[in-house]
Amino acid sequence: MSTKDERIPTRLYLITPPRLDPAGFADTLKAALDAGDVASLQLRLKTEAGDTAPADELRRAAEILMPLAHARNVAFIVNDSPEIAREMGADGVHIGQDDTPYKEARKIVGPDAVVGVTCHNSRHLAMEAGEAGADYVAFGAFHPTDTKVTHSRAEPEILTWWSELFELPCVAIGGITVENAPPLIEAGADFLAVSAGVWAHEKGPAEAVRLFNLLMNP
Ligand SMILES: Cc1ncc(COP(=O)(O)OP(=O)(O)O)c(N)n1
Ligand SMILES: Cc1nc(C(=O)O)sc1CCOP(=O)(O)O
Ligand SMILES: [Mg+2]
């Protein structure tokens, strides 16, 4: 088992606000991505009812936002839709337990794309996803969140358990802020997936990205 000092530093995985005007959001995104290291950006657009946004909305947002991410060496992940991920040339897709099943998603996006899977607080779901070929497993929610209605609560121990047993990266998600992030980093999260903790930070998204990076690369 590697000690904390030997570990590869945890990195930031940004998740877009669920509703946005891509042209109006572009400058905010550029400032956030220029403020520090960001591993990936997930395009997660939802209707008011919480369903996946219509395909044309996903397409337009990807057309505008993906080049900004790629210009800064930030991977662009599409949430929910492997078809849009493939069509737009995204770096991958994130699927939950109620989305396209892993095998089907992998067939659509191909062997070289990233496929991430929601595993809630389940060791079983994570081992199943890893066994199937997922590129990362996501555990959550670690804290209360207004961004998504959640039914599972994960504890930092699941990150330590995973990191000590498996090479596959693990992502922590759910209500993560600069203030509550340190125990998740310590526990072994390879990535912190954050939405409101960055976009709604009181000092602005760029400062939030800077502060998260201070935690991850002290
Ligand atoms: C990195 C990451 N982890 C978990 C989720 C949640 O996915 P899902 O359960 O499919 O819920 P929605 O995000 O689609 O509402 C995620 N998107 N990203
Ligand atoms: C998209 C998502 N999935 C979760 C899970 O528990 O699987 S929690 C969540 C919301 C993430 O946004 P914020 O950083 O604003 O809490
Ligand atoms: Mg989903």
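Residues numbered from 1 in each chain as written. Chains lettered and ligands numbered in written order. Predicted model: local features only at pLDDT ≥ 70, side-chain atom pairs only at ≥ 80, totals over all residues. Heavy atoms only, no water.

Between two packed helices, the angle of one axis relative to the other and the distance separating the axes together describe the packing. Following both chains from N to C, one finds helix 1 (residues 22-33) and helix 9 (residues 205-216) inclined at 25°, their axes separated by 8 Å at the closest point. What the angle tells us is that helix 1 and helix 9 run roughly parallel. Here the hand of the crossing between helix 1 and helix 9 comes out right-handed. For the pair helix 1 and helix 9, contact is made by Thr28, Ala31 and Ala32 and by Pro205, Ala206 and Val209, respectively. Among the residues making up the contact of helix 1 with helix 9, the classes are represented as five nonpolar, one polar and no charged. (Axes fitted to C-alpha atoms, helices over the stretch in contact; angles between N-to-C directions. Helix = DSSP H or I, 4+ residues; strand = E, 2+ residues; numbered from the N terminus. Parallel < 35°, antiparallel > 145°, perpendicular 65-115°, else oblique. Left-handed = near helix turned anticlockwise from the far one by under 90°. Contact = heavy atoms within 4.5 Å. Nonpolar A, V, L, I, M, F, W, Y, C, P; charged D, E, K, R; others polar.)

Attention now moves to the site of ligand 2. If you check the shell around ligand 2, you find 14 residues, and the closest are Thr145, Thr147, Gly175, Ser195 and Ala196. In this structure, an oxygen atom belonging to ligand 2 sits 2.6 Å away from a side-chain N or O atom of Thr145. Contact distances for ligand 2 include 2.8 Å between an oxygen atom and a backbone N or O atom of Ala196. Bound to the protein, ligand 2 loses 94% of the 420 Å² it would expose on its own. Across the shell around ligand 2, the residue classes tally to four nonpolar, eight polar and two charged. (Near = heavy atom within 4 Å. Polar contact = N/O pair within 3.5 Å; in protein donor to acceptor, adjacent residues only side chain to side chain. Areas by Shrake-Rupley, 256 points an atom, 1.4 Å probe, with all protein chains shown as cover.)

To continue, consider the UniProt feature "domain: Thiamine phosphate synthase/TenI" (unreviewed entry) in the protein. Under the local residue numbering, the UniProt record ascribes the feature "domain: Thiamine phosphate synthase/TenI" (unreviewed entry) to residues 12-197. Summarising residues 12-197: 38% helix, 19% strand, and an end-to-end C-alpha distance of 11 Å. (UniProt positions renumbered as here; feature names shortened; annotations may be inferred.)

A few words now on the pairing of strand 8 (residues 191-194). In strand 8, alternate side chains face the same way, and those of Phe191 and Ala193 on one face and Leu192 and Val194 on the other are all buried. Of the pairings in the sheet, the one linking strand 7 (residues 170-173) to strand 8 comprises three bridges and is parallel in character. If you follow Val171 over to strand 8, its bridge partner there is Phe191. With helix 7 (residues 182-187) bridging strand 7 and the parallel strand 8, this β-α-β connection has right-handed handedness. (Buried < 20%, exposed > 50% of the residue type's maximum accessible area, 1.4 Å probe, protein only. Pairing = 2+ DSSP bridges. Right-handed = clockwise from strand over helix to strand, strands pointing away.)

Below, the discussion takes up the site of ligand 1. Looking at ligand 1, there are 14 residues lining it, with Arg44, Lys46, Asp80, Asp99 and Thr118 nearest. For ligand 1, a nitrogen atom lies 3.0 Å from a polar atom in the side chain of Gln42. At 2.8 Å, a side-chain N or O of Lys46 approaches an oxygen atom of ligand 1. For ligand 1, whose unbound accessible area comes to 420 Å², protein coverage reaches 92%. In the shell around ligand 1, the residues fall into four nonpolar, five polar and five charged.

To continue, consider the UniProt feature "binding site: Mg(2+)" (unreviewed entry) in the protein. Mapped onto this structure's residue numbering, the UniProt feature "binding site: Mg(2+)" (unreviewed entry) falls at Asp80 and Asp99. Sequence-wise these annotated residues cover 20 residues; spatially they are packed, their C-alpha atoms never more than 6.1 Å apart. Checked against the element boundaries, Asp80 lands in the loop between strand 3 (75-79) and helix 3 (82-88). If sequence neighbours within four positions are ignored, Asp80 has contacts with Lys46, Thr52, Val93, His94, Ile95, Asp99 and Thr100. Only 2.6 Å separates the side chain of Asp80 from the side chain of Lys46, close enough to count as a polar contact. Within polar-contact distance, the side chain of Asp99 engages the backbone nitrogen of Gly96 at 2.7 Å.

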